[in-house]
Every structure is written in C-alpha cells, then in structure tokens.
Amino acid sequence: MTDENARDCVGPPGLPGPPPVGASALPSGTYDGTVVLVTGGGTGLGRAIAAEFARLGADLVIASRNADRLKAARDELAALGGRVTAAVCDIRDPRRVREVFDTAGEAYGLPDVLVNNAAANFPVPAEDMSPGAWSAVVDITLTGTFLMTREFGRRHLAAGTPGSIIDVGASYAWTGGPGFAHSAAAKAGVKSLVETLAVEWGPYGIQVNGLVPGLMPHGDMTAEIRGNLERAEDTGGHRVHDQHRPPDDKASRQPALRVGLPRELGWAATFLASPYARFITGHTLVVDGANWQRRDLVSPPVVTVREQLGRAAFEG
Ligand SMILES: CCCCCCCCC/C=C/C(=O)SCCNC(=O)CCNC(=O)[C@H](O)C(C)(C)COP(=O)(O)OP(=O)(O)OC[C@H]1O[C@@H](n2cnc3c(N)ncnc32)[C@H](O)[C@@H]1OP(=O)(O)O
Ligand SMILES: NC(=O)C1=CN([C@@H]2O[C@H](COP(=O)(O)OP(=O)(O)OC[C@H]3O[C@@H](n4cnc5c(N)ncnc54)[C@H](OP(=O)(O)O)[C@@H]3O)[C@@H](O)[C@H]2O)C=CC1
C-alpha cells in the first residue's frame, strides 16, 4: 500500500480536540471581584459561558424566563466557586430588564460584563412564516439584546465606569440563513449593533464584541434545532454529492472533522471580556472550525427549504 492509499484509508485527522473541562488559558482569578450577567445562562451555550467565567472567579447573574431551569443551573454553577443569582426575566420587557439590573446591583453591584446570549429560533420557510413567528424571534434575539445592552450602557455611562458586552451571534448574519429568515435577519442586526455601539461607547470605556458559535451540540437544544441537525445526517437530499462518502455524521460535515464543544465558546468569551482583550472592540469572533467558510469544488444539488423541512408545495 502506498502512503497515499494509507492516508485514504485512515483519512485526515481534523482539528485537534481542546484541553479538558476545567482548563483555562487565563490566569486563575482573572474575574475575581467581577460581576458577569449572562442572558439565557440557564441552558446550553449560555450556561457553558457562565461556567468559564465562574471558574475564573466571577460572580454571576443568569437571567431568562424559566425559573426551574435557572435554579438548576444556579446550583450547578455555584459549585464552581463564585456566587450566582438567578433572575427571571423576559428580555423583551424593558421593565423586567431594568429590574434584573436592580437585582444584580443589590446582590453584587453593577455587572462589569454583559453576555447577550438569549435568543430564539426555529426553522420555517419564509412563505409560511406568520407575523407573530417573525416577531417572536426578532423581538427576543434583536430587540431583547438591544434592551439589555441599552440598560447596561446607560448605567455605566451614568456611573462613569467601564464595561464589556459580548453579543452571541450566528454566522448567517453574513451569509443569510435559508429556513431561518427571522433569526438570520435578527443576528445581522445584532452584528450591526456590535459595530455601532463599539464606536458610540468606546469613548466611555465600554467594549462591545460579537461571538459566534459553530455547531456545538448540547442537551438543551430545542427539538426543532436538534431536528435540523438530524436532517443534516440524512443524506437522502444529497445523494449525488455523497455517494462516495462514508456514512455521514455531524462531524464529517465540518472542515474541522469534529463539532465544537461548548467550553470552547466559553473560553473565547472569557478572553474577549478580559484585560488581555482591551483593544478588541467592534469585532465578531467566529468559533466554528471554519464551517461558515465552507464551499465545495462542485456544489451539491439545490434542495429547497420546503423539501429539507419535508413540506408539501406552497399553495397560498
Ligand atoms: C443554516 C445552518 C443550519 C444550522 C442550524 C442551526 C442554526 C443555529 C443558529 C441559531 C441557533 C439558535 O438561536 S438556537 C436557540 C434556540 N432556542 C430557542 O428558541 C429557545 C427559546 N424559544 C422559544 O421560547 C420559542 O421557541 C419561541 C416560539 C421562539 C418563543 O416563544 P413565545 O412564547 O414568545 O412565542 P409563542 O407565543 O409560542 O409563538 C409566537 C409565534 O411564533 C409561532 N411559532 C412558534 N413556533 C413555531 C414554529 N416552530 N414554526 C412556525 N411558527 C412558530 C407561533 O405560532 C406564534 O405565531 P402566531 O400564532 O402567528 O402568533
Ligand atoms: N447551538 C448552536 O449550535 C448555535 C447557537 N447559536 C446562538 O447561541 C446562543 C445560545 O444558543 P443555545 O444555547 O444553543 O440555545 P438554548 O435554546 O439552549 O438557549 C436559549 C436561551 O435563551 C433564553 N431565552 C429565550 N427567550 C428568552 C426571553 N424572551 N427572555 C430571556 N431569555 C430567553 C432561554 O431561556 P428561557 O427559556 O428560560 O427563557 C435559553 O436559556 C443563542 O444566541 C443562539 O442563537 C448560534 C449558532 C449556533
């Protein structure tokens, strides 16, 4: 067997895996005495981000609508060291948003770091999308992010204190997201907010950055987002493209040949808000193993969003 054949059999290794849970690139105690507010911090990627701040000494406020999930996450995060407060809040409601900052202030003081992670999403062809469906996703993902950001900015400007904001985005802010017109438009708005407010608030010492996860499966994924990933494993719609490939899985569809781990997003977040990233603002960092840059030499056949979602032809 030639070397080339040997490589064919084994295949390329993909990007190396990350260090283990609990590791950190930042010095221990980087966030001692710091308050970090994470929206959607009770589940999935938000909880993973909160965990990395907690390991580095931060006091946490996690905010979202579901009190039970928040409570479970609070107990888990508290075991990592710092203090954790859970605040029930729908980020679409400006009054509740103010109250969350009041709660945080009473517990620990004005948060130094705001992570706008909460968002909403489900796949639906644009022609089937009701105004209510559009509003639900845009109001949570974009308007909710704005309301949290505005409150954080107002309080820091009034106090004359610096701060750091991280907005969790999605790569279809650049590319568009077929099947996710509402979410892609909202995330494009979030990316624009990052770039606008970094300039507006830089003079006051407030950094604003974006952070985009790639495919990072986790146990809290909604059934519909999980269903979308499962569809990606059904090669039926891509038979021509895939006929010479081994049985498919999520990892084989990523240039990294692996999916991302939530802690890899958490590490990026703790870097962006740290003293070592003070001159980085208005930037959106993509942590996705280059998946969003992927193009094939020969494009696969087009499969409409309706077909991908298993929907019959639109009849008005
Ligand atoms: C490209 C790369 C690939 C990669 C694919 C992966 C993409 C990754 C990028 C981003 C990922 C994420 O954001 S992941 C985050 C996902 N997490 C979440 O969504 C959690 C939060 N979600 C939710 O709470 C709910 O799902 C949501 C509906 C959005 C909000 O709840 P509300 O109680 O506010 O809203 P409801 O009253 O239930 O519904 C509001 C309206 O939305 C409609 N609606 C609700 N679900 C609907 C659905 N599945 N399909 C159509 N319409 C729906 C209802 O009929 C209502 O419309 P009317 O009847 O007309 O009034
Ligand atoms: N997972 C992935 O592969 C990708 C995720 N992303 C982004 O990462 C972030 C986290 O996603 P992920 O962890 O996967 O998703 P989850 O569904 O686990 O998290 C969404 C969080 O948002 C909270 N939330 C939703 N609506 C509201 C609201 N109105 N007010 C307050 N909180 C709300 C939810 O809590 P509750 O229900 O308690 O309100 C939940 O904790 C999102 O911004 C998402 O767009 C981007 C690309 C890929």
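The chain goes by Peroxisomal trans-2-enoyl-CoA reductase in an unreviewed UniProt entry, where it is assigned to Streptomyces alboniger. What the UniProt record of the chain gives under Pathway (unreviewed entry) is the line "Lipid metabolism."

**Q** Sorry if this is basic, but what is going on with the overall build of the chain here?
**A** Assigned secondary structure in the chain consists of 11 helices and seven strands. Computed over the C-alpha atoms, the radius of gyration of the chain is 21 Å, within 12% of the 20 Å expected from 2.2 N^0.38 for a compact globule of 316 residues. Dimensions of the chain along its principal axes, counting C-alpha atoms only, are 65 × 55 × 40 Å. Every one of the 316 residues in the chain was classed for burial, and the buried ones make up 38%. Long-range contacts, defined as pairs at least 24 residues apart, comprise 74% of the intrachain contacts of the chain with a sequence gap of at least 6.

**Q** Where do I start with the UniProt feature "domain: Ketoreductase" (unreviewed entry) in the chain in this structure?
**A** UniProt's entry tags residues 34-204 with the feature "domain: Ketoreductase" (unreviewed entry), counted in the numbering of this structure. Split by type, residues 34-204 is 54% helix and 15% strand. Its first and last C-alpha atoms lie 19 Å apart.

**Q** Hey, could you run me through the pairing of strand 2 (residues 59-64) in this one?
**A** Taken residue by residue, a regular strand's side chains alternate between the two faces of the sheet. Where burial is concerned, most of strand 2 is hidden: six out of the six residues are buried. Of the two faces of strand 2, the one carrying Asp 59, Val 61 and Ala 63 and the one carrying Leu 60, Ile 62 and Ser 64 are both buried. In terms of strand pairing, strand 1 (residues 35-39) meets strand 2 through five bridges, oriented parallel. Paired with Leu 37 across the two strands is Val 61, which belongs to strand 2. After leaving strand 1, the chain enters helix 2 (residues 44-55) and then returns to the sheet as strand 2, a path that is right-handed. Pairing geometry for strand 2 and strand 3 (residues 84-88), over five bridges, is parallel. Bridge pairing in strand 3 places Ser 64 opposite Val 88. Taking the sense of rotation as the criterion, the β-α-β connection linking strand 2, helix 3 (residues 67-78) and strand 3 turns out right-handed.

**Q** What's the story with the site of ligand 1 in this structure? I'm lost.
**A** Lining the immediate surroundings of ligand 1 are 18 residues, of which Ala 120, Asn 121, Ser 130, Gly 132 and Ala 133 lie closest. For the shell around ligand 1, the secondary-structure elements that each account for two or more residues are helix 5 (131-159) and helix 8 (223-233). Looking at which element gives the most residues to the shell around ligand 1, the answer is helix 5, with four residues. When its residues are assigned to classes, the shell around ligand 1 shows 10 nonpolar, seven polar and one charged.

**Q** Would you mind showing me how to read the environment of Ala 72 here?
**A** Inspection of the secondary structure puts Ala 72 in helix 3. What makes Ala 72 partly exposed here is the crowd of 15 C-beta atoms within 10 Å. Considered as a pair, Ala 72 and Arg 311 are 239 residues apart in the sequence and their alpha carbons are 37 Å apart.

**Q** I keep staring at the pairing of strand 5 (residues 163-168) and nothing clicks. Help me out?
**A** Most of strand 5 sits out of view: six of its six residues are buried. The alternating pattern of strand 5 places Gly 163, Ile 165 and Asp 167 and Ser 164, Ile 166 and Val 168 on opposite faces, both of which are buried. As defined by bridge partners, strand 4 (residues 113-116) adjoins strand 5 across four bridges and the pair is classed as parallel. Looking across to strand 5, one finds that Leu 114 is bridged to Ile 165. Examined bridge by bridge, strand 5 and strand 6 (residues 206-213) share six bridges and lie parallel to one another.

**Q** Looking at this structure, I do not really get the sheet that holds strand 4. What am I missing?
**A** Backbone-to-backbone hydrogen bonds pair the strands of a sheet. The strands run either parallel or antiparallel. Reading across from one edge, 3-2-1-4-5-6-7 is the order of the seven strands in this open sheet, with parallel pairing throughout. At either end of the open sheet lies a strand with only one pairing partner, and these are strand 3 and strand 7 (284-287). Adjacent strand axes in the sheet meet at a mean angle of 20° when their direction is disregarded. Running at roughly 160° to strand 3, helix 4 (residues 94-107) makes contact with strand 1, strand 2 and strand 3 of the sheet. Taken strand by strand, helix 10 (residues 262-272) contacts strand 4, strand 5, strand 6 and strand 7, and its axis lies near 165° from that of strand 6.

**Q** What am I meant to see in the packing of helix 2 against helix 10 here?
**A** Two measures define how a pair of helices packs: the angle their axes make with one another and the distance between the axes. For the pair helix 2 and helix 10, interaxial distance at closest approach is 8 Å and the crossing angle is 55°. Our classification of the angle between helix 2 and helix 10 gives oblique. For the element pair helix 2 and helix 10, the recorded crossing hand is right-handed. Contacts between helix 2 and helix 10 involve Leu 45, Ala 48, Ile 49, Ala 51, Glu 52 and Phe 53 from the first element and Pro 262, Arg 263, Leu 265, Gly 266, Trp 267, Ala 269 and Thr 270 from the second. Tallied by class, the residues present in the contact of helix 2 with helix 10 amount to nine nonpolar, two polar and two charged.

**Q** Mind showing me how you'd approach the site of ligand 2 here?
**A** The full set close to ligand 2 counts 30 residues, and Gly 40, Gly 44, Arg 65, Asn 66 and Ala 119 are the nearest of them. Elements that contribute at least two residues to the shell around ligand 2 include exactly helix 2 and helix 5. Take the shell around ligand 2: its biggest share by element is three residues, from helix 2. Its residues placed into classes, the shell around ligand 2 shows 13 nonpolar, 12 polar and five charged.

Criteria and thresholds
Residues numbered from 1 in each chain as written. Chains lettered and ligands numbered in written order. Predicted model: local features only at pLDDT ≥ 70, side-chain atom pairs only at ≥ 80, totals over all residues. UniProt positions renumbered as here; feature names shortened; annotations may be inferred. Helix = DSSP H or I, 4+ residues; strand = E, 2+ residues; numbered from the N terminus. Rg over C-alpha atoms; globule rule 2.2 N^0.38 Å. Buried ≥ 20, exposed ≤ 12 C-beta atoms within 10 Å, placed from the backbone. Contact = placed C-beta atoms within 7 Å. Pairing = 2+ DSSP bridges. Right-handed = clockwise from strand over helix to strand, strands pointing away. Near = placed C-beta within 6 Å. Nonpolar A, V, L, I, M, F, W, Y, C, P; charged D, E, K, R; others polar. Axes fitted to C-alpha atoms, helices over the stretch in contact; angles between N-to-C directions. Parallel < 35°, antiparallel > 145°, perpendicular 65-115°, else oblique. Left-handed = near helix turned anticlockwise from the far one by under 90°.

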